[in-house]
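The primary structure of each chain is shown beneath.
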Amino acid sequence: MADQEFYTFREYMKKEHELLTPSAEDYLEMIYRLSEANGFTRVNDLAIALNVQPPSVTRMVKKLSYMNFIKYEKYGVIVMQPMGKKKGEELIARHNLVESFLKFLNIEHDLLEETEKIEHTINADILRGFQDLLDFFQQNPALLEQFKEFRAGR
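Residues numbered from 1 in each chain as written. Predicted model: local features only at pLDDT ≥ 70, side-chain atom pairs only at ≥ 80, totals over all residues. Heavy atoms only, no water.

(A) Geometry of a nonpolar patch on the surface. There is a patch of nonpolar side chains on the surface, built from Leu133, Phe136 and Leu143 and spanning about 230 Å² of accessible area. Position of Leu143 among the secondary structure elements: in helix 8 (residues 141-152). With a relative accessible area of 34%, Leu143 lands in the partly exposed category. (Patch = residues over 30% accessible without salt bridge, like charges linked within 9 Å, V, L, I, M, F, W, Y side chains within 5 Å. Areas by Shrake-Rupley, 256 points an atom, 1.4 Å probe, with all protein chains shown as cover. Salt bridge = Lys/Arg side-chain N within 4 Å of Asp/Glu carboxyl O. Helix = DSSP H or I, 4+ residues; strand = E, 2+ residues; numbered from the N terminus. Buried < 20%, exposed > 50% of the residue type's maximum accessible area, 1.4 Å probe, protein only.)

Right, here's the structure in full:
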């Protein structure tokens, strides 16, 4: 333990060097979701979906547009760019995997909230571990039953 350096949570998050902040990821993920049906969304739809004010959406949309994740013109529609669509797909997959893992653990209370909190703090190796564990139990139903019995007895 003496050879390890400890940091605050905020400092660990800074060390991740990710291009997008958790908030930007939330916006991009929701833009992707809202755009699936007809290929675009609007500032007001995004504001409603994320429970934020339109000026906040406009600020973030401008940042995402500058980063080439989306295309946006003032008072126009928001359209995913190829890079944004790819990242949006990754964010949805990450969200769905974390949610599936929590469901596997029978987490029902505040499932969406807990998924949202976890998905921004987890790295690719841990996600692969989640997927491997889910796949393992899906391929080994007898062990899955044993695990369920074990958890029920606690």
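(B) Molecular detail of the pattern of salt bridges. All chains considered together, the criterion is met by 8 salt bridges. Taking the shortest distance from any N to any O, the salt bridge between Arg94 and Glu25 comes out at 2.8 Å. Of this pair, Arg94 sits in helix 5 (residues 82-104) while Glu25 sits in helix 2 (residues 22-35), and the two are 69 residues apart along the sequence. Across the pair, Glu25 and Arg94 agree in class, each one buried.

(C) Quick peek at the packing of aromatic side chains. According to the stated counting rule, one finds 6 aromatic pairs in the structure shown. Ring plane angle 75° and centroid distance 5.5 Å describe the contact between Phe136 and Phe137, whose orientation is recorded as edge-to-face. Judged by its relative accessible area of 38%, Phe136 falls in the partly exposed class. Here Phe137 falls in the buried class, since its relative accessible area comes to 11%. Between the aromatic rings of Phe137 and Phe147, the centroid separation amounts to 5.3 Å while the plane-to-plane angle is 35°, which identifies the pairing as tilted. (Phe/Tyr/Trp six-rings, centres within 6.5 Å; stacked < 30°, edge-to-face > 60°.)

(D) Just the environment of Phe104, in detail. Looking at the secondary structure, you find Phe104 in helix 5. The exposure class of Phe104 is buried, given its relative accessible area of 16%. Residues Phe104 and Glu5, 99 residues apart in the sequence, show an inter-C-alpha distance of 34 Å. When neighbours within four sequence positions are excluded, Phe104 is seen to be in contact with Leu133, Leu134, Phe137, Leu144 and Phe147. (Contact = heavy atoms within 4.5 Å.)

(E) Examining the nonpolar core more closely. Membership of the largest hydrophobic core comes to 21 residues, with the highest contact counts inside it found for Leu46, Leu64, Ile70 and Ile78. Mapped onto this core, the elements with two or more residues apiece are helix 2, helix 3 (43-50), helix 4 (54-66), strand 1 (70-72), strand 2 (78-80) and helix 5. Considering every element that reaches this core, the biggest residue donor is helix 2, with 6 residues. Those residues in contact with Leu46, other than ones at most four positions away along the chain, are Tyr27, Met30, Ile31, Leu34, Thr41, Val57, Val61 and Ile78. Residues Leu97, Leu102, Leu111 and Leu127 belong to the second largest nonpolar core, which totals 12 residues. (Core = buried A, V, L, I, M, F, W, Y, C linked by side-chain atoms within 4.5 Å.)

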